[in-house]
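Spelled out from the first residue to the last, the chains are:
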Amino acid sequence: QVQLVESGGGLVQAGGSLRLSCVASGSPFSSYSIGWFRQAPGKERRIVGAISASGIRTYYADSVKGRFIISRENAKNTVYLQMNNLNPEDTAVYYCAADQAWLTVTVYEYEYDSWGQGTQVTVSS
């Protein structure tokens, strides 16, 4: 099983940008589809986007499409979430998760086996 650690969260003004990182250890990283999720206070955790093991395929939720970009560097065991044009509705704890899937992009939360501890992103208006 892979272990995941997120970093890069913080406080940013509306319109600003942040880049989150998810670093993996413990298993061959290149065999995992990685997803980013977020949970706002009082709300359910929802998917933000995901990337396939090879990095060729990506998925984005409609709410972030065109603003967020997911990428990965398998040589560094790292997946990134570049967040641009942030708004207060993006405020949440952001989690990365891993699913051992060679070819597909994993979209459903229940399919993910490993989770990070989360990193807080706060966007001020």
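Residues numbered from 1 in each chain as written. Predicted model: local features only at pLDDT ≥ 70, side-chain atom pairs only at ≥ 80, totals over all residues. Heavy atoms only, no water.

Participant: I tried to follow the overall build of the protein on my own but got confused; where do I start?
Facilitator: For the protein, the helix and strand inventory stands at 0 helices and 11 strands. Secondary structure elements of the protein, listed N to C terminal, follow the sequence β-β-β-β-β-β-β-β-β-β-β. Over its C-alpha atoms the protein spans a radius of gyration of 13 Å, differing by no more than 12% from the 14 Å that the globule rule assigns to 125 residues. Dimensions of the protein, computed from C-alpha atoms along their principal axes, come out at roughly 40 × 25 × 25 Å. By the burial criterion, 48% of the 125 residues in the protein qualify as buried. (Helix = DSSP H or I, 4+ residues; strand = E, 2+ residues; numbered from the N terminus. Rg over C-alpha atoms; globule rule 2.2 N^0.38 Å. Buried < 20%, exposed > 50% of the residue type's maximum accessible area, 1.4 Å probe, protein only.)

Participant: Quick question: what am I supposed to make of the environment of Arg38 here?
Facilitator: Tracing the sequence through the fold places Arg38 in strand β4 (residues 32-39). By relative accessible area, which is 14% here, Arg38 ends up buried. Distance in space between the C-alpha atoms of Arg38 and Asp90 is 8.6 Å, their sequence separation being 52 residues. In contact with Arg38, not counting residues within four places along its chain, are Glu44, Arg45, Arg46, Val48, Ser63, Val64, Phe68, Glu89, Asp90, Ala92, Val93 and Tyr94. Within the structure, Arg38 has its side chain in polar contact with the side chain of Tyr94 (distance 2.9 Å). (Contact = heavy atoms within 4.5 Å. Polar contact = N/O pair within 3.5 Å; in protein donor to acceptor, adjacent residues only side chain to side chain.)

Participant: What is the right way to read the layout of surface pockets from this model?
Facilitator: Computed from the structure, the largest pocket encloses a volume of approximately 280 Å³. The set of elements that each furnish at least two residues to the lining of the largest pocket consists of β4 and β5 (46-51). (1 Å grid on protein atoms, 1.4 Å probe; cavity = no way out; pocket = protein on both sides within 12 Å on 5 of 7 lines; lining within 4 Å. Points joined across faces, edges and corners; volume = space filled by probe spheres on them.)

Participant: What should I look at first to understand the sheet that holds strand β1 (residues 3-7) in this one?
Facilitator: Adjacent strands of a sheet form backbone hydrogen bonds with each other and so pair up, either parallel or antiparallel. Reading across the sheet, the 4 strands line up as β1-β3-β8-β7 and stay open at both edges, with antiparallel pairing between neighbours. Sheet topology places β1 and β7 (68-73) at the edges, where each strand pairs with a single neighbour. Put simply, the sheet's adjacent strands are angled 15° from each other on average, direction ignored. Sheet analysis places strand β3 (residues 18-25) next to strand β8 (residues 78-83), joined by 6 bridges and oriented antiparallel. Counted as the bridge partner of Leu20 is Leu81 from β8. (Pairing = 2+ DSSP bridges. Axes fitted to C-alpha atoms, helices over the stretch in contact; angles between N-to-C directions.)

Participant: Mind showing me how you'd approach the pattern of salt bridges here?
Facilitator: Considering all chains together, one arrives at 5 salt bridges under this definition. With a closest N to O distance of 2.8 Å, Arg45 and Glu109 form a salt bridge. Of this pair, Arg45 sits in the loop between β4 and β5 while Glu109 sits in the loop between β9 (92-100) and β10 (114-115), placing them 64 residues apart in sequence. Given a relative accessible area of 26%, Arg45 falls into the partly exposed group. (Salt bridge = Lys/Arg side-chain N within 4 Å of Asp/Glu carboxyl O.)

Participant: So what exactly am I meant to see when it comes to the pairing of β9 here?
Facilitator: Across a regular strand the side chains alternate sides, sitting on one face of the sheet and then on the other. In terms of residue burial, β9 counts as a mostly covered element, since 7 of its 9 residues are buried. Summarising the sheet, β4 and β9 pair through 8 bridges and their orientation is antiparallel. Counterpart to Arg38 in the pairing with β9 is Tyr94. Inspection of the sheet shows β9 paired to strand β11 (residues 119-124) by 3 bridges, in the antiparallel sense. Across the sheet, the residue bridging to Ala92 is Val121, located in β11. As judged from the 2 bridges shared by β9 and β10, these two strands associate in the antiparallel manner. Across the sheet, the residue bridging to Ala97 is Trp115, located in β10.

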